[in-house]
Amino acid sequence: MVDFNEAGIATQLAAFGAGDMDELGFGAIGFDADTVVQVYNSWESRMTGLTAASVLGQPLFTVVALCMNNFMVAQRFEDAARDGTRLDEAIDYVLTLRVRPVKVKLRLLSLPESALRYVLILRPP
Amino acid sequence: MTAATYIETEYEALLQLLYQAPVGLVQILPDGEIVLINSFSAQLLMPLSRDGTLSNLFTVLENAAPDLRHLVASFAAQRGCVCHDLRMQVKADKAGKLEPKMLSFSLVRIDAKRLMAVLSNVTLQVEQERQLERYRQHLEELVAERTVALERANEAAAAAHKANVERLNAEREVKIQSSKLEAVGTLAAGISHDFNNILASIIARAELADEELAEGSDAKNNVAKVISGCFRARDLVARILDFARERPDNPTRVNVELQVREALTLLRASLRPSIDLAFQSGMGETAAILADPTQIVQIVMNLCINAAHAMDNRGVIRIRLDPAASIEDAPPDQDGICITVADTGCGITPEVMKRIFDPFFTTKAPGEGSGLGLSVVYGIVKSLGGDIKVQSRVAPTGAGTTQFQVFMPTIQQ
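Presented here is an overview of the structure given in this document. (Residues numbered from 1 in each chain as written. Chains lettered and ligands numbered in written order. Predicted model: local features only at pLDDT ≥ 70, side-chain atom pairs only at ≥ 80, totals over all residues. Heavy atoms only, no water.)

Now for the overall build of chain B. Looking only at helices and strands, chain B has 10 helices and 12 strands in total. Within chain B, the proportion of its 413 residues that are buried is 35%. Long-range contacts, defined here as pairs at least 24 residues apart, represent 61% of the contacts in chain B between residues at least 6 apart. Here chain B has roughly 24,000 Å² of accessible surface; of this, 56% comes from carbon and sulfur atoms. (Helix = DSSP H or I, 4+ residues; strand = E, 2+ residues; numbered from the N terminus. Buried < 20%, exposed > 50% of the residue type's maximum accessible area, 1.4 Å probe, protein only. Contact = heavy atoms within 4.5 Å. Areas by Shrake-Rupley, 256 points an atom, 1.4 Å probe, with all protein chains shown as cover.)

Looking now at the layout of surface pockets. All names here are of chain B. Volume-wise, the second largest pocket comes out at about 680 Å³. Together, 23 residues line the second largest pocket, and V174, Y378, K382, D387 and I388 are the ones closest to its centre. Contributing elements (two or more residues each) for the lining of the second largest pocket: helix 5 (123–212), helix 10 (373–383) and strand 11 (387–393). Residue contributions to the lining of the second largest pocket peak at 6 residues, all from helix 5. Its residues placed into classes, the lining of the second largest pocket shows 11 nonpolar, 3 polar and 9 charged. (1 Å grid on protein atoms, 1.4 Å probe; cavity = no way out; pocket = protein on both sides within 12 Å on 5 of 7 lines; lining within 4 Å. Points joined across faces, edges and corners; volume = space filled by probe spheres on them. Nonpolar A, V, L, I, M, F, W, Y, C, P; charged D, E, K, R; others polar.)

We now examine the interface of chain A and chain B. Taken together, the contact pairs 21 residues of chain A with 19 residues of chain B. Interface of chain A and chain B: buried area, both sides summed, is about 1,700 Å²; carbon and sulfur atoms make up 56% of it. Across the contact surface, chain A and chain B share 0 salt bridges. Contributing elements (two or more residues each) for the side of chain A that touches chain B: helix 4 (60–64), strand 3 (87–95) and strand 4 (102–110) of chain A. No other element matches strand 3 of chain A, which puts 4 residues into the side of chain A that touches chain B. The residue inventory of the side of chain A that touches chain B, partitioned by class, reads 13 nonpolar, 4 polar and 4 charged. (Buried area = accessible area lost by both parts, 1.4 Å probe. Salt bridge = Lys/Arg side-chain N within 4 Å of Asp/Glu carboxyl O.)

All names here are of chain A. Using the criterion set out here, one finds 5 aromatic pairs over all chains in the structure. Ring centres 5.0 Å apart and planes at 80° place the aromatic pair F31 and F77 in the edge-to-face group. Here F77 lies in helix 5 (residues 74–83) and F31 lies in strand 1 (residues 27–31), a separation of 46 residues in the sequence. Here F31 and F77 have matching classes, each one buried. Taken together, a centroid distance of 6.2 Å and an interplanar angle of 40° make the contact between F61 and F77 tilted. Of this pair, F61 sits in helix 4 while F77 is found in helix 5, placing the two residues 16 residues apart along the sequence. Judged by its relative accessible area of 3%, F77 falls in the buried class. Following the ring pairs from residue to residue traces out a cluster consisting of F31, F61 and F77. (Phe/Tyr/Trp six-rings, centres within 6.5 Å; stacked < 30°, edge-to-face > 60°.)

What follows deals with the sheet that holds strand 2 (residues 37–40) of chain A. In a beta sheet, neighbouring strands are held together by backbone hydrogen bonds and run either parallel or antiparallel to one another. All names here are of chain A. Strand order in the open sheet formed by 5 strands is 2-1-5-4-3, and the pairing between neighbours is antiparallel. The sheet is open, and its two borders are formed by strand 2 and strand 3, each paired with just one other strand. Along the sheet, successive strands turn relative to each other by an average axial angle of 20°, direction set aside. Sheet topology places strand 1 next to strand 5 (residues 117–122); 5 bridges connect them, and they run antiparallel. Opposite I29, over in strand 5, you have V119 as the bridge partner. Sheet strands in contact with helix 5 are strand 1, strand 3, strand 4 and strand 5, and its direction is about 165° off that of strand 3. (Pairing = 2+ DSSP bridges. Axes fitted to C-alpha atoms, helices over the stretch in contact; angles between N-to-C directions.)

What follows is the structure in structure tokens.
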């Protein structure tokens, strides 16, 4: 089982095969350079009540998770892409859209060599 | 575009605006229940939540804004907007560090049951205002300090200017007096020799004529008066020469007390018995100055003769010899001796006081005084590096006082 705080998690996620994402014990959303959602794991689907089918192919920040479309989350990905730098930051955050405001920990992952970027969501037990 | 599409498009735009807005937007019901909350306000308010939820704004802000419930209740029934400032600790920076934040809290009424709370982070603005206030206070302190310093500097400058003017006036007075003495001295020195020769010739001729005239004749009496007048004229010339005389070429060590006593002895013989001379010395008998011995005698005799005249030849003239340092208000540069001559005469009026040292100025009747006595004293004292102070209280009935204080530098034993 991959841990949310594991150091080399970005590399591990890049090597995941189909179905591996659903084994994770926290939410994981993978999106491409155009912010289109390509991965929406079953844990996150259970937490939000959204099916993967309804989310995949949708822009993450402007449709699926508007509450992350700000300087704290979306801007960090844009900055990393623009600078071609690695992004791996964990922040305390509060999700609001479609759910009651809930305090979570987000891990923002972006490797210049990877096609997908990830937002990992760890909810309190 | 259909109406439904338009509404959907606008709704999406508003939703984007709501979640991207860099201000906190929280839609609440009158009881504080949160209906909608955007990302910005969620990040600001969650650290204040005790149970990790953001379900009721009153509960979340009960410590930061205990009167919020009352504020909302009073506002819910009216239209418009109300603002309220909140200070709170929030976790708003990227590193999750707790920082004191100042939030501006505004309420906008949507309808009878819904209100929108608008939270703006005004921490920077408040800090800038505080900084500005600190600068203003600091500036005021600097201005106040500078003002005090300038006032003190102005006072010091004014005092220095006043002292300078007084010093310059004093120096000018001394120069004027010295110029008068110098002019008269030059004149006296120029004519006295020739005048003495003329007098000698007159006296010689008058004495020859006197020998040939009969005793008791009117002519002999007249010649005697001519001779007597010539001798008085010769005395006057001698006094003029005294006045014109400069500092002796070879001043010697002079015991002041001895010379004062000698002058008093001479005075005693010339003053009327109704005048008492009271001498006291507060100096050692060895106090000495560098001068011509006759100069001390001249000073004392001139001052005492004037005193006797002022007292109408009745009363006591007090003469004292003291260290200058023991005299109140002594000139600052005088630390030698002080000869004081005080009388109980009629005093000197302010008008006369201005001219008492002028050569040939006299208040005596014509023929009774030359007007040179105090000029001679002044000239001698100044030539010895000394100074004179005069204090007088006028009382024509004879109960006034005049006191001359002559300061002169002493020499080491």
